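The residues making up each chain are set out below.
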Amino acid sequence: MRILSWNINGIRTLPQYYPWNTFTSFQGILEHLKADIICFQEMKTSRSSLSRCAALPDDFEAFFSFPQNKGGYSGVAVYTDSRTVTPLRAEEGLSGILQPKPPLTSDDRISRSYPCVHEIELMPDEHGSTPSDFAVLEAEGRALIVDFGLFVLINVYCPNETSDARLPFKINFHIMLQDRVCKLMNEGREVVVVGDINICATPLDHCDGHLASNTATFYDHPARAWFHRWLSPIGCMSDAVRIFWPGRKGMYTCWNTKISARETNYGTRVDYILVTPGILPWIKHGDIQPSLKGSDHCPIYIDLYDEIITNTGERLCLRDVLPTNGNREDLPRLAARRWEEYSGKQTLLSTFFGKGNKLRSPSNPPLSSLSPAPDTQLPREHSEVAQPDHTQHTVIIPPPTPSLSSHKSACTSTGQLLVPSPQSNSISLRQIAPTASSAKRKLSDNAAKKVPKKLKGGQSKLSSFFAQPSVSLPCNQEVSPGDIADHWDYIDSDYQLALELSASLENPLSQGSLTSATPSASQSKAAWSQLMAPVQPPNCLVHGEPAKEHTVNKPGPNKGRKFFLCSRPVGPGYDKGKSERLREEVDHRYRCNFFKWTSDVKRELKDKSSTS
């Protein structure tokens, strides 16, 4: 039997990567992982947006915990193969306050006692106050507990320390987790904790842990100090994967994808499978799976023996101590298969928006059969097809609003428009409006004609940006000098820059006579080529190699700006800068601290070309 844990960084993004994008259902993804119990962290979804195939795989039972307020954030899930293992009970959260409706009975609960906020010492926040309950800690959907008989599985996604103000929240969640495990052990239960703990256990688990400056102060951090005390030999929990690889370096499970750290294995080990002493004899092997892509984390797993011999000589089979009856009628109430929306008694909202559920009146034909083609269709009140209105028999077609670029067409078209007078009501409907059959023929004839598609208001052709715009005076209309100035202000600034560049390529005085300042076609082409050409990357100062261009994605005043960094990958001891890395610990085989804005590079090239 295999237990697998993986921070997938979003259930909707995982199928976008190979090999997960080759499967037609979520069942195929679970099958490819080849595990009997699969624990996911960072689902980043909600119950309402979860697809049915992810909630009800054919051969798996699913359990979820969603954040209460934040959508697309956090969340954990446990999938169990119904062919090999059967969950007995399941709970959401660690403190027991997250209850379904109606609440769980004493028989449905996994344990009799839960963490109490008044019995444990929590870390105060920046204002000096400690939490009065666990409601805030449990609101982000970070824990699931499933009872399998032989052991109690706890799947957690522990908080990350994004800021100093977040540190108390992180430490208090760890303390609550530790207290829940302690209470389960006091009841005689064996516990398996899996998931993203978001802490490096030892310097061996950090890419920069070998540096002298980090080794000396590694356990000064409160979270690392807590984790060090919870793990054996000091604490009760054993690192099941590290047991098989005690001195293995580079056994990382998480990498920063923004700096391409996975290429050089510049990462950390923050994902664990922790077990109590009674489970250790059952563990056959444990390892990580860095070859599986699709997230900034990689899966970790442990395999269990099919049978063991105890110290007393008793032979125990895994199938005898782990329920595998596959009975789906007596699943825990938290299972997705027992949700109301999948019970067949509740109509899903999506059924009202299906393609086959559009309501259409049989007495009224579709609008498309009575309307002109989309390119020539007028508003309903101005349609050429007469409506059965006996109070008004005229069709008013308002003239189009003339624009600066279409004064000429407006002058020729507005003279042909007829505005009916009030006396036109005496004209019969038959003289103006065609019959239904003739209207259909006229519409079909119009549809058969190739009518050029008109550009919408505010839309321009691509060719207009590469030609000098001309000012055409509208007929019978005086244009003030201010209107002409406003029109020239409309000219694209890039076009003006191109004119300046093309005019500067050739000095008119060098030809012996004054020439026109208007550039030729070849000059304009050369100017545009120079303007639109990509910026040549500068060389970094340490390695002398062309730098790589990046874009600022972080919200702020520099969002969208481009800059250059050293093109070498990051690695242990890469140069983060003098304030973050000691000079004697810098390894020049990796990225140096070269940085330059793209705008500065363009300015230097422009100044260089002007001086030459």
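Please refer to the structure placed before this passage.
Note that the coordinates shown come from a computational prediction; the quantities given were computed from them, not determined experimentally.

Let us now look at unusual backbone geometry. For the bond running from Lys-101 to Pro-102, omega is -5 degrees, close enough to zero to count as cis. Its location among the elements puts Pro-102 in the loop between strand E5 (89-92) and strand E6 (143-147). For the bond running from Ser-232 to Pro-233, omega is 10 degrees, close enough to zero to count as cis. In this fold, Pro-233 is placed in the loop between helix H5 (222-230) and strand E9 (238-239). Positive phi outside glycine occurs at Asn-9, with the angle close to 55 degrees. Note on placement: Asn-9 falls in the loop between strand E1 (2-7) and helix H1 (26-33). Residue classification places Asn-9 among the partly exposed residues on the basis of a relative accessible area of 25%. Look at Asn-198: it is not a glycine, yet its phi comes out positive at around 60 degrees. Mapped onto the fold, Asn-198 is located in the loop between strand E8 (191-196) and helix H4 (212-215).

Right, let's talk about the pattern of salt bridges for a bit. Within this structure, the stated rule accounts for 25 salt bridges. A cluster of three or more residues bridged by salt bridges with shared partners is formed by Glu-31, Asp-59, Asp-81 and Arg-83.

One can describe the packing of helix H3 (residues 167-186) onto H5 by two numbers: an axis separation of 10 Å at closest approach and a directional angle of 10 degrees. Classed by the angle they form, the pair H3 and H5 counts as roughly parallel. For the pair formed by H3 and H5, the contact residues are Leu-167, Lys-170, Ile-171, His-174, Leu-177, Gln-178 and Val-181 on the first element and Pro-222, Ala-223, Trp-226 and Trp-230 on the second. Class assignment of the residues belonging to the contact of H3 with H5 gives a composition of eight nonpolar, two polar and one charged.

If you trace the backbone, Pro-57 turns up in the loop between helix H2 (52-55) and strand E3 (60-65). Separated by 280 residues in sequence, Pro-57 and Arg-337 have C-alpha atoms that sit 9.5 Å apart. The contact partners of Pro-57, leaving out residues within four places of it in the chain, are Gln-27, Leu-30, Tyr-79 and Arg-337.

Next up on the list: the sheet that holds strand E14 (residues 300-304). On the basis of which strands lie adjacent, the open sheet formed by six strands has the order E3-E4-E2-E1-E14-E13 and mixed pairing. Either end of the sheet is taken by a strand with one partner, and the two such strands are E3 and strand E13 (283-288). Within this sheet the neighbouring strands show an average axis-to-axis angle of 15 degrees, counted without direction. In terms of strand pairing, E1 meets E14 through four bridges, oriented antiparallel. Its bridge partner lying in E14, Ile-3 is registered against Ile-302. Helix-sheet contacts for H1 involve E1, strand E2 (37-41), E3 and strand E4 (76-81), and the interaxial angle to E2 is about 110 degrees.

Moving on: the environment of Leu-184. Along the chain, Leu-184 falls in helix H3. Along the sequence, Leu-184 and Ile-110 sit 74 residues apart, while their C-alpha atoms lie 8.9 Å from each other. When neighbours within four sequence positions are excluded, Leu-184 is seen to be in contact with Ile-110, Ser-111, Val-152, Ile-154, Arg-189 and Val-191.

Side chains of a nonpolar character, in soluble globular proteins, are inclined to be buried together. Ranked by size, the top nonpolar core spans 45 residues in total, and within it Ile-37, Phe-151, Leu-153 and Leu-304 carry the most contacts. Elements that contribute at least two residues to this core include exactly E2, E4, E6, strand E7 (152-157), E8, strand E12 (271-275), E13 and E14. Ranked by residues supplied to this core, first place goes to E14 with three residues. Setting aside residues no more than four positions away along its own chain, Phe-151 makes contact with Ile-3, Ile-37, Val-146, Arg-189, Glu-190, Val-192, Ile-279, Leu-304 and Leu-322. In this structure, Leu-177, Ile-197, Ile-199 and Met-237 belong to the second largest nonpolar core, which totals 35 residues.

The next subject is the state of the cysteines. Such a bond, covalent and formed between the sulfur atoms of two cysteines, is termed a disulfide. Taken as a whole and assessed by the stated rule, the structure comprises zero disulfides. With no disulfide partner, Cys-207 has as its closest neighbouring cysteine sulfur the one in Cys-200, 7.9 Å distant. Of the residues examined, Cys-207 reaches a relative accessible area of 5% and is grouped as buried. Sulfur of Cys-592: no disulfide; nearest cysteine sulfur belongs to Cys-566 and is 3.6 Å away.

Definitions and limits used
- Residues numbered from 1 in each chain as written.
- Predicted model: local features only at pLDDT ≥ 70, side-chain atom pairs only at ≥ 80, totals over all residues.
- Heavy atoms only, no water.
- Helix = DSSP H or I, 4+ residues; strand = E, 2+ residues; numbered from the N terminus.
- Buried < 20%, exposed > 50% of the residue type's maximum accessible area, 1.4 Å probe, protein only.
- Salt bridge = Lys/Arg side-chain N within 4 Å of Asp/Glu carboxyl O.
- Axes fitted to C-alpha atoms, helices over the stretch in contact; angles between N-to-C directions.
- Parallel < 35°, antiparallel > 145°, perpendicular 65-115°, else oblique.
- Contact = heavy atoms within 4.5 Å.
- Nonpolar A, V, L, I, M, F, W, Y, C, P; charged D, E, K, R; others polar.
- Pairing = 2+ DSSP bridges.
- Core = buried A, V, L, I, M, F, W, Y, C linked by side-chain atoms within 4.5 Å.
- Disulfide = S-S within 2.5 Å.

Distances and angles like these do not, on their own, reveal function.
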